[in-house]
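# Summary of the model geometry
Below, each chain spelled out in residue letters.
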Amino acid sequence: MVAAATGGVKAAPLLDILRRRIAAEGPITVTAYMADCLLHPEHGYYRSQEAIGLHGDFITAPEISQMFGELLGLWAADYWQRMGAPAQCYLVELGPGRGTLMRDALRAARALPAFRAALTPVLVEASARLRGLQAAALEGEGAIWHEQIAAIPKDAPLLLLANEFLDALPVRQFQRGDDGAWHERCVGLDEATNGLRFLLDPRALPFDDLLPPVLRDSPPGSIVESSPPVRAVAVEIA
């Protein structure tokens, strides 16, 4: 499981790290597992290899056609006008990949010179590797970078783009047991294979706001996902 999530030669070191962590702390949540697989400082998927594009594992709309980013750039220009054409404005992108979408959006923005003159591109990116690719793609565009949404400047209006960002954030998983109660799905050690496996926290889950009411009566074996990072991002943006 961990090899598939972390990919290639980096799987073994991260697997060892996860084994030691679980041995010391006990089973970890799916959220914690995903966070390490994706963003571990040395072995995380997005920090250690080329994920997007011809030589990566997947493709996104901006990498297929420049029209995608250009249309978003024109959308931003239209909204800037509706906002009263402020003299300063931030165009923010969360999870900007290789910088392709922002580059294409800024190309379209130049069709309205006053908008481009007012615009400062802001990219929120945690990966130093990806920040390097973005800087190369956006050379001369006056872009600035931040690692956290909280660091986005607040002294001017902003327009925000987030293509395939929220759906890539870590999730918690909850499974309804045969006892009818909901339990958190965790990642623990598999002694038989010396690997990792899913297991259920034996403690019954208090519903709180973690499970949508419409899903609470799902049949035993059902798995429901909730993403605390998505909620946190939404609150921060608001």
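As shown above, the structure is provided for reference.
These remarks concern the structure in this document.

Conventions adopted
Residues numbered from 1 in each chain as written. Predicted model: local features only at pLDDT ≥ 70, side-chain atom pairs only at ≥ 80, totals over all residues. Heavy atoms only, no water. Helix = DSSP H or I, 4+ residues; strand = E, 2+ residues; numbered from the N terminus. Buried < 20%, exposed > 50% of the residue type's maximum accessible area, 1.4 Å probe, protein only. Contact = heavy atoms within 4.5 Å. Areas by Shrake-Rupley, 256 points an atom, 1.4 Å probe, with all protein chains shown as cover. Patch = residues over 30% accessible without salt bridge, like charges linked within 9 Å, V, L, I, M, F, W, Y side chains within 5 Å. Salt bridge = Lys/Arg side-chain N within 4 Å of Asp/Glu carboxyl O. Core = buried A, V, L, I, M, F, W, Y, C linked by side-chain atoms within 4.5 Å. Pairing = 2+ DSSP bridges. Axes fitted to C-alpha atoms, helices over the stretch in contact; angles between N-to-C directions. Phe/Tyr/Trp six-rings, centres within 6.5 Å; stacked < 30°, edge-to-face > 60°. Lys NZ or Arg CZ within 6 Å of the ring centre and 35° of its normal.

From N to C terminus, the protein includes 10 helices and 9 strands. In the protein, buried positions account for 44% of the 238 residues. Considering only intrachain contacts with a sequence separation of at least 6, the fraction spanning at least 24 residues in the protein is 63%. For the protein, the exposed surface amounts to about 12300 Å²; the carbon and sulfur share of it is 57%.

Turning next to unusual backbone geometry. Within the chain, Glu164 stands out as a residue other than glycine whose phi angle is a positive 55 degrees. Residue placement: Glu164 occurs in the loop between strand 5 (158–161) and strand 6 (172–176). The phi dihedral of Asn194 is positive, around 65 degrees, even though this residue is not glycine. Summarising the element assignment, Asn194 is placed in the loop between strand 7 (182–190) and strand 8 (195–200).

With that settled, consider a nonpolar patch on the surface. On the surface, Met67, Leu71 and Leu74 cluster together into a nonpolar patch covering about 330 Å² of accessible area. Structurally, Met67 is set in helix 6 (residues 66–82). In this structure Met67 comes out as exposed when scored by relative accessible area, which is 54%.

Moving on to the environment of Ala150. Along the chain, the position of Ala150 falls in the loop between strand 4 (144–146) and strand 5. The spatial distance from the C-alpha of Ala150 to the C-alpha of Ile237 is 8.3 Å, given a sequence separation of 87 residues.

Let us look at the nonpolar core. Within soluble globular proteins, side chains that are nonpolar generally end up buried alongside one another. With 18 residues, the main nonpolar core has Leu91, Phe115, Leu119 and Leu159 as its most contacted residues. Mapped by element, the contributors of at least two residues to this core are helix 6, strand 2 (89–94), helix 7 (100–109), helix 8 (113–118), strand 3 (119–124) and strand 5. Per element, the largest residue contribution to this core is 5 residues, and it comes from helix 7. Those residues in contact with Leu91 that lie beyond four places of it in its chain are Ala76, Met102, Ala105, Leu106, Leu119, Thr120, Pro121, Val122, Leu159 and Leu161. The next biggest cluster of nonpolar side chains, apart from the first, holds 11 residues, and it includes Tyr90, Ala156, Leu169 and Val233.

The next thing to look at is the sheet that holds strand 3. Hydrogen bonds between backbone atoms are what pair the strands of a sheet, whose relative direction is either parallel or antiparallel. Pairing is parallel in the open sheet, where 4 strands are placed in the order 4-3-2-5. Where the open sheet ends on each side, the last strands, each with one partner, are strand 4 and strand 5. Between one strand axis and the next, the sheet turns by 25 degrees as a mean value, whatever way the strands run. The sheet contact formed by strand 2 and strand 5 spans 4 bridges and is parallel.

Further remarks concern the packing of aromatic side chains. Applying the stated rule across the entire model yields 2 aromatic pairs. Seen from their ring centres, Trp75 and Tyr79 are 5.2 Å apart, and the 45 degrees between their planes marks the pair as tilted. Of this pair, Trp75 and Tyr79 both sit in helix 6, 4 residues apart, roughly one helical turn. With centroids separated by 5.3 Å and ring planes inclined at 45 degrees, the aromatic side chains of Trp80 and Phe115 adopt a geometry described as tilted. You can see Trp80 sitting in helix 6 and its partner Phe115 sitting in helix 8, a full 35 residues away along the chain. Relative accessible area serves as the criterion here: at 1%, Phe115 is assigned to the buried category. When the ring centre of Tyr79 is taken as reference, the NZ or CZ atom of Arg82 above it lies at 4.7 Å.

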